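# Structure at a glance
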Amino acid sequence: MLGKSQKAAHLAEDITDYTVIQGRSLWQDARMRFVRNKAAMASLFILAMIVLFTIIGPYFAVWSNEEIDWNVMGDARGMGMPSAETGHFFGVDDLGRDLYSRIIQATTTSLLVGLIGAATALIVGTCYGIAAGYIGGRTDGVMMRFVDILLAIPATLVIILLLVVAGRSFVMLFIALGAVGWLTMARIVRGQTLTLKNREFIEAARAAGVSEFTIMYRHILPNLLGVVIVYASLLVPEMILTESFISFLGLGISEPYTSLGRLIAEGAGTMGYGTLWQLLFPLTFYVAIIITMFFIGDGLRDALDPKDR
Amino acid sequence: MLAYIVRRLLIAVPTILLLIVASFFLMHFAPGGPFTSERPLPPAVLANIEARYGLDQPLWKQLWDYLYNIVVHFDFGPSFKFKDRDVNDIIAQGFPISLTYGSLSFLVATTVGVALGIAAAIKHNSWIDYFAVGLGIAAQALPNFIMGPILILTFTLWLGWLPGGGWNGGQWPYLIMPVIALATSYMGSIARITRSSMLEVLNSNFIRTARAKGLPTRTVIWRHALKPTLLPVVSYLGPVFVYVLTGSVFVDIYFSTGGLGQAYVGSALSRDYAVLLGVTILYGVLTVLVNLLTDLAYAWFDPKIRY
């Protein structure tokens, strides 16, 4: 019989310690690589700060985004500049409305537009792409030809057209952005599905009697997720860009709601009068959001793309 | 190759037809029109106006006439808003302007972008590389409608070097800012694509072989690396062209250059569906044609593709 020594106990613990040899899953691996990417982490931090600002910011606002400060209205240049005394932290716009509150509102709109637009595109595009790729044959041909035709129409024009025809509103904007965003997503997903559907594990699932729908949902979808997430993360800034472009032209969201593109347009219209803050504040927020999202998207691609292992 | 061209053309035709029909119905079912106003017109007057534009005909007849006129006479019909002008007149006036600065910025974006990307890849991890990458990312975050105000602020308001807008028959001081504003962000994307593509090519085996047999770096890059590097760039040119087209919408509004974009947004705001439809179709047809051309260029560039 062996005596109970502390050393033996330690040894036994070491030997039975399975944690040290536990494998890392794909997602843990990706997360580690993403965390190590300094640019992406810094961008994530800045973006989180901006989101936090849109949540907490309203509690510090003195003026709402619709109120007009009659005192400074006629003289935005002389009295409407950014100052803590008047409560206009970012100054006022040309009509005497508080830019601080308007920027919070605009940033929220732009972020929501990006997220919801990309989410719509992601869901529709993924479903369509999986269906086309998995069913294959003539159905696939018809479905993808349809996508090709739609892709041939300039997206911005389609959005402008839809907004003019159906009227300008939040819901219509989301629908219009989603309607043009899903096409490329569908193509990417379909391509990936084609390479996946003939692999052994799919065949094994089919041999085991798993239904077609469950195969798509349980076996193909999880394997697509990496590619889909990467593309979706690049789609978010693209959606924000498109929406801002349309708002800049005055065809997007209507007052009192506003978006960063609209604010930049207003600031650009009045920059000749010496009220430069009306351009610079929205521009800073806008460029910060777009650049951080580019870096996050790049970081996600480096983390999830199996090609660069 | 010829069979491929014919097949692609055969696909392009239904695409364009579908585009026309879809836009036509979209416009037709839109609520409100150019003739609805605050003060309703007497029914008799409205009926007269509708008869003038053929709006009293059954829908299929309207569609057929519209298609027939476009295909046979290349005629997009009269404008609803401007009584003395056809859609054709508006297009003929605006399109050359859009085409001028559009193709110029297309040229600038591709040449500068490709040059930057190649320089960055050749001098990998040097300050040139970092500069090019930084510039590329910054440029991508500065789309035309951001660059426009920044340029005007700098060159018109502060320095006073360039006129802030107008066209004046396309004299070069009026061209500079629209072209730069339009080119910047695509230049950034092209530079990044070229750089990563060139890096990949430079690491491949055939380049190592070329180096190993003692070719000078210059020959290796121009004779061997350039063509495969440009493949992804060529496939990106179609989208760039579309961006330049839609970007013209911004340039015309912001710099008052009087191109087609001004007509487009103007007609969108005043619900002049005839002009809106005409310009949409023109842009759609151009897009289809350019996509066709890029695909052919791709086939010519890439020896691996055989049709």
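Residues numbered from 1 in each chain as written. Chains lettered and ligands numbered in written order. Predicted model: local features only at pLDDT ≥ 70, side-chain atom pairs only at ≥ 80, totals over all residues.

## Quick look at the overall build of chain B
The following threshold applies: Helix and strand definitions here come from DSSP, where helices need a minimum of 4 consecutive H or I residues and strands a minimum of 2 consecutive E residues; each element is numbered from the N-terminal end. For the exposure call, what matters is how many other C-beta atoms sit within 10 Å of a residue's own: 20 or more marks it buried, 12 or fewer exposed, and in between partly exposed, using C-beta atoms placed from the backbone.
When helices and strands are tallied, chain B shows 11 helices and zero strands. Element order for chain B, N to C, with α for helix and β for strand: α-α-α-α-α-α-α-α-α-α-α. Taking the principal axes of the C-alpha coordinates as reference, chain B spans close to 85 × 55 × 30 Å. Taking all 307 residues of chain B together, 37% fall into the buried category.

## Some remarks on the overall build of chain A
Rules: Contact between two residues is assigned whenever their backbone-derived C-beta positions fall within 7 Å.
The number of helices and strands found in chain A is 13 helices and zero strands. Within chain A, buried positions represent 40% of all 309 residues. Long-range contacts, defined as pairs at least 24 residues apart, comprise 71% of the intrachain contacts of chain A with a sequence gap of at least 6.

## Quick notes on helix α11 (residues 212-248) of chain A
Using the following cut-off: To estimate the expected span of a helix, count its residues, drop one, and scale the result by 1.5 Å.
Across its 37 residues, α11(A) extends only 47 Å between first and last C-alpha, which sits more than 12% below the 54 Å expected from 1.5 Å per residue. Immediately beyond the C-terminal end of α11(A), within one or two residues, lies Gly250(A), with a positive phi of roughly 85°.

## Here we look at unusual backbone geometry
Negative phi is the rule for most residues except glycine; trans is the rule for most peptide bonds. Positive phi outside glycine occurs at Asn125(B), with the angle close to 65°. Within the secondary structure, Asn125(B) is located in the loop between α4 (87-122) and α5 (127-140).

## Some words on the interface of chain A and chain B
Counted only if it meets this: Residues are grouped as follows: nonpolar covers Ala, Val, Leu, Ile, Met, Phe, Trp, Tyr, Cys and Pro; charged covers Asp, Glu, Lys and Arg; every other residue, Gly included, is treated as polar.
Taken together, the 25 residues of chain A in the interface contact 30 residues of chain B. Of all the secondary structure elements, the ones that give two or more residues to the side of chain A that touches chain B are α8 (155-166), α11, α12 (260-270) and α13 (277-304) of chain A. Its residues placed into classes, the side of chain A that touches chain B shows 23 nonpolar, two polar and no charged.

## Regarding the UniProt feature "domain: ABC transmembrane type-1" (unreviewed entry) in chain A
Filter applied, for reference: UniProt positions are given in the numbering used here, feature names are shortened, and annotations may be inferred rather than shown by experiment.
The sites that UniProt annotates as "domain: ABC transmembrane type-1" (unreviewed entry) are residues 107-297 of chain A. The span residues 107-297 of chain A carries 84% helix and 0% strand; its end-to-end C-alpha distance comes to 19 Å.

## Focus on the UniProt feature "transmembrane region" (unreviewed entry) in chain A
All names here are of chain A. As recorded in UniProt, the sites labelled "transmembrane region" (unreviewed entry) are residues 39-61, 111-134, 146-164, 170-189, 224-253 and 279-300. Across residues 111-134, the secondary structure splits into 100% helix and 0% strand, with the terminal C-alpha atoms separated by 34 Å. Along residues 279-300 one finds 100% helix and 0% strand; the C-alpha atoms at either end are 32 Å apart.

## Brief notes about the environment of Leu95(A)
Mapped onto the secondary structure, Leu95(A) falls in the loop between α5 (76-79) and α6 (99-135). Judged by C-beta crowding, with 12 C-beta atoms within 10 Å, Leu95(A) ranks as exposed.

## Concerning the UniProt feature "transmembrane region" (unreviewed entry) in chain B
All names here are of chain B. When the UniProt feature table is mapped onto this chain, "transmembrane region" (unreviewed entry) is found at residues 9-30, 104-122, 134-160, 172-191, 233-255 and 275-301. The span residues 134-160 is 81% helical and 0% strand by assignment, and the distance between its end C-alpha atoms comes to 28 Å. A helix fraction of 100% and a strand fraction of 0% characterise residues 233-255, whose end C-alpha atoms lie 29 Å from each other.

## Brief notes about the packing of helix α3 (residues 38-56) of chain A against α6(A)
Residue and element names in this part refer to chain A. We count it as follows: An axis is simply a line fitted to the C-alpha atoms; with a helix, the fit covers only the stretch in contact. Between two such axes, the angle follows the N-to-C directions and lies from 0 to 180 degrees. What sets the label is the angle itself: under 35 degrees gives roughly parallel, over 145 gives roughly antiparallel, 65 to 115 gives roughly perpendicular, and the rest give oblique. In this scheme the crossing of two helices becomes right-handed for a clockwise turn of the near helix relative to the far one and left-handed for an anticlockwise turn of less than a right angle.
α6 packs onto α3 with a crossing angle of 125° between their chain directions and a minimal axis gap of 9 Å. As judged from the angle between their axes, α3 and α6 are oblique. The chirality of how α3 crosses α6 is left-handed. Along its contact with α3, which presents Ile 50, Val 51 and Thr 54, the element α6 presents Ile 104, Thr 107, Thr 108 and Leu 111.

## Structural notes on the packing of α3(A) against α13(A)
The angle between the axes and the distance between the axes are what describe a pair of packed helices. Residue and element names in this part refer to chain A. Interhelical geometry of α3 versus α13 gives an angle of 140° and a closest axis separation of 8 Å. With respect to α13, the axis of α3 lies oblique. As for how α3 packs across α13, the hand of that crossing is left-handed. Between α3 and α13, the residues in contact are Ala 39, Ala 40, Ser 43, Leu 44, Ile 46, Leu 47 and Ile 50 and Phe 285, Ala 288, Ile 289, Thr 292, Phe 295, Ile 296, Asp 298 and Gly 299, respectively. Its residues assigned to classes, the contact of α3 with α13 comprises 11 nonpolar, three polar and one charged.

## Here's the deal with the nonpolar core
A general tendency of soluble globular proteins is for nonpolar side chains to be buried together. Applied cut-off: Defined on buried residues, the nonpolar core groups Ala, Val, Leu, Ile, Met, Phe, Trp, Tyr and Cys residues joined through C-beta atoms within 7 Å.
By size, the foremost hydrophobic cluster in this structure holds 144 residues, and its most contacted members are Ile103(A), Ile159(A), Ile160(A), Leu249(A), Ile264(A), Ile290(A) and Phe250(B). In terms of residues, this core owes the most to one element, helix α9 (residues 217-255) of chain B, which gives 17 residues. If we ignore the near neighbours within four places in the chain, the residues touching Leu249(A) are Val249(B), Phe250(B), Ile253(B) and Val265(B).

## Points about the environment of Tyr298(B)
All names here are of chain B. Following the sequence through the fold, Tyr 298 ends up in helix α11 (residues 273-301). Using a count of 16 C-beta atoms within 10 Å as the deciding quantity, one classes Tyr 298 as partly exposed. Tyr 298 sits 64 residues away from Val 234 along the chain, and the two C-alpha atoms are 6.5 Å apart.

## So, the environment of Gly137(A)
Residue and element names in this part refer to chain A. With respect to the element layout, Gly 137 can be found in helix α7 (residues 137-151). Taking the number of C-beta atoms within 10 Å as the measure of exposure, Gly 137 has 7 and is therefore exposed. In sequence terms Gly 137 and Thr 126 are 11 residues apart; their C-alpha atoms lie 18 Å from each other.

## Some remarks on the confidence of the model for chain B
Threshold: pLDDT expresses how confident the predictor is about each individual residue, on a scale running from 0 to 100.
Confidence along chain B averages 80 in pLDDT terms, with 93% of residues attaining 70 or more. Interface predicted TM-score (ipTM) for the complex: 0.71; the corresponding pTM is 0.77.

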